[in-house]
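Architecture at a glance
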Amino acid sequence: MEPTRLVVGAALQAPPLTPPTPQFRRRRLTRPRGGAHCIAPAARPMLLVRCANSRKGNGDSRGGAVRWVPAIHLYDDSTLLRLGASLTDEQSEGGIAELFSLAQRNILYINKQRLKAMEELNKLQDENKLLLEELEALETQVQGVSLQTVESSSFCDILLRIDTMVISGMISVAEASDLREKILNNRSTVQSTFSAIHLKPNTELLSELQLFLRKPTEKPLHVVHICSEMDPIASCESLSTYVASLSREIQRNGNLVEVILPKYTSLNMDGIHGLRKAEVEYESYFGGLWHKNRIWTGSSSGVGLILIEPVQLSYFTRDRLRGYPDDFERFSYFSRASLDYIVKSGKRPDILHIHNWETAIVAPLFWDIFAHQGLGNTRILLTCQDLNSEGGIVYSNKVILMSSTHSKDALIQGLRHGLQATLTAHKEKILIASHGLDGELWDPSKDIYLPRQYSANDIEGKSICKEALKRRLGFRGSSIVVGCICDGDSDIHSLKEAVHVALRRNAQGGKITFIEGYDEAIAHLIYAGSDIILCSSFQDPSLQIAMKAIKYGSVPVRINFPSDESRQSEGHGSHNISMSQYIISTFGDLSLSQALDDLKNDPSRWDRWIRDGMARGLSWDAKCYNLHWDAYSSIRSP
């Protein structure tokens, strides 16, 4: 039998016998994969041993001075016997007993240390596994750009390069219009043929296009959005999701969609494919002066992007997208600069789609100044997430009000901006559309930001996301996680009360973490890793938060309950009545305390809630797309 190895304390003066090298096997611990994380060696135990020093001088009854020394050696059983034999009779009377007593204590200590080390190793291995899964998700994100997206980006890049050809004087406006039409008519062939145009100068690209394009077909619809935000490039409120979702849906059905945005310094560059600064600048008129602008082009999920950057003015070199005293001036400049860009680049869009107060001024500017500069066939559609722009309503050909919970009459009668008379006079051109989720961006089964993707039929990934969120925020142990994404309608007092309720019920282990600013990846992880998501309300635009929570298997709990009068109108007469009615009927009366009780006491019911909600279609559906397409078609010039 292999002798047992022990850890014992050695005397200050070594015995005359030199201890042999211990005959034990070293076990190599496998280094966990993942690069930056490794296992730190455990600290060696230090035993304090009372030992004899010398028989001379002052000392105890055994003739030696008493003191404590730290010392550790490894011995086997045979060595201990020889050590015992080498001791003097006087020493051996109590020395052997003390020696073996120390050995037994060392065995207990080593066993405890071994158990602690194994627990720590298992913990590190679990964390390493999660980290590897997160790395795989990131690699998928980097490498998972589809061929379709790359080809669509090339198609958008060609059209945007034509803009710069016109501005630089290389081709005329008429030639550009003809070229764009031919490109649109041969879209599928152009996408696959001109996949590396970013490597070619404008002169070479123009020559190749003129030789290649021959066959005419029916002209598709050309829509240009002028807006302040778009997911995932610049995101502040629900408008960004709406613009991204609608643009992809319209273009996916064979049309051309482009989006004009300010070039904020806080743009998410990872969301832009093929970002390129144009070789030319152009001037726009504002405040009685002409101002130079740089042009940046690219694409997002195949939708063409134009970013406008003022050269002399610092309107968009700020931390936030908006929320400044000069916001009206900033976005008025951008609106005018966008119209100047469209005219000078020779674009002839069928529809200019403008959004909210930020770009509503485009409508009166267009009819007063730009409609007579080659844009006689262009029409204006205004979308309002909230209503606070009378001019945009009057001068637009169609107005779409976004609401998932109210009818047209209820919206008009319930307005507080003094626009009831204006909307009543223009009631015939008003349509109501519901909010929807971007099925590409907000779907846990294909979410690139999650360490593990999951669905209603394969829910295991949600627990992995929960552990990743807890690790990211420093939460420990098994606990309920309550998340909250604050928006412009969040009531701080109600939120504080909800936080106190959660902490009293020991959610998150009694811990709370605040994250300042918006981070796309963290937002997705909060939805996926939380059991409960606090919502300011189930009204627009906050309803987006509830829909995202349901899609990611979290239960939405609102903290601002509506009055009895507004409760009666919730979900009636809206376009997407089934979705809003489901949320209100299922979660409308659920308080945070009740939700915490249900999660703890009725997990089977909780599981049914989660799976049923995740299985529902909350993204842009055919009805919502058809409503927008009908609006475009009804105002399109023949």
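Residues numbered from 1 in each chain as written. Predicted model: local features only at pLDDT ≥ 70, side-chain atom pairs only at ≥ 80, totals over all residues. Heavy atoms only, no water.

With that settled, consider the packing of helix H8 (residues 327-344) against helix H10 (residues 362-370). In contact at an axis separation of 10 Å, H8 and H10 are set at 45° when each is read in the N-to-C sense. In terms of axis orientation, H8 runs oblique to H10. By crossing handedness, the relation of H8 to H10 is classed as right-handed. The residues of H10 that touch H8, namely those facing Ser335, Arg336, Leu339, Asp340 and Val343, are Val362, Leu365, Phe366, Ile369 and Phe370. Residues of the contact of H8 with H10, tallied by class, amount to 7 nonpolar, 1 polar and 2 charged. (Axes fitted to C-alpha atoms, helices over the stretch in contact; angles between N-to-C directions. Helix = DSSP H or I, 4+ residues; strand = E, 2+ residues; numbered from the N terminus. Parallel < 35°, antiparallel > 145°, perpendicular 65-115°, else oblique. Left-handed = near helix turned anticlockwise from the far one by under 90°. Contact = heavy atoms within 4.5 Å. Nonpolar A, V, L, I, M, F, W, Y, C, P; charged D, E, K, R; others polar.)

Turning next to helix H17 (residues 543-551). Extensive coverage of H17 is indicated by the burial of 9 of its 9 residues. Listed as buried for H17 are Leu543, Gln544, Ile545, Ala546, Met547, Lys548, Ala549, Ile550 and Lys551. Note on H17: the residue one or two positions beyond its end, glycine 553, has a positive phi of about 75°. (Buried < 20%, exposed > 50% of the residue type's maximum accessible area, 1.4 Å probe, protein only.)

With mixed pairing, the 9 strands of this open sheet are ordered in space as S7-S8-S9-S6-S5-S10-S11-S12-S13. Edge positions in the sheet fall to strand S7 (273-286) and strand S13 (430-433), since each of these pairs with one other strand and no more. Within this sheet the neighbouring strands show an average axis-to-axis angle of 25°, counted without direction. By the bridge criterion, 4 bridges tie strand S12 (residues 398-402) to S13 in an arrangement that is parallel. Across the sheet, the residue bridging to valine 399 is isoleucine 430, located in S13. (Pairing = 2+ DSSP bridges.)

Bringing the packing of helix H15 (residues 492-504) against helix H20 (residues 592-601) into the picture now. Close contact between H15 and H20 brings their axes to 10 Å; oriented N to C, the two are set at 30°. Overall, the two elements H15 and H20 adopt an arrangement that is roughly parallel. Considering the relative orientation of H15 and H20, their crossing is right-handed. Here Ala498, Val501 and Ala502 of H15 lie close against H20, whose contacting residues are Leu592, Ser593 and Leu596. Classifying every residue of the contact of H15 with H20 by side-chain character gives 5 nonpolar, 1 polar and no charged.

It is worth spelling out the packing of aromatic side chains at this point. Evaluated as defined, the whole model comprises 16 aromatic pairs. Taking the centre distance of 6.4 Å and the plane angle of 80° together, the rings of phenylalanine 316 and phenylalanine 334 count as edge-to-face. Of the two residues, phenylalanine 316 is situated in the loop between strand S9 (303-310) and H8 and phenylalanine 334 in helix H8; the sequence distance between them amounts to 18 residues. You can call phenylalanine 334 buried: its relative accessible area is 1%. Every member of this aromatic cluster is reached through a ring pair, and the members are Tyr264, Phe286, Tyr315, Phe316, Phe331, Tyr333, Phe334 and Trp357. (Phe/Tyr/Trp six-rings, centres within 6.5 Å; stacked < 30°, edge-to-face > 60°.)

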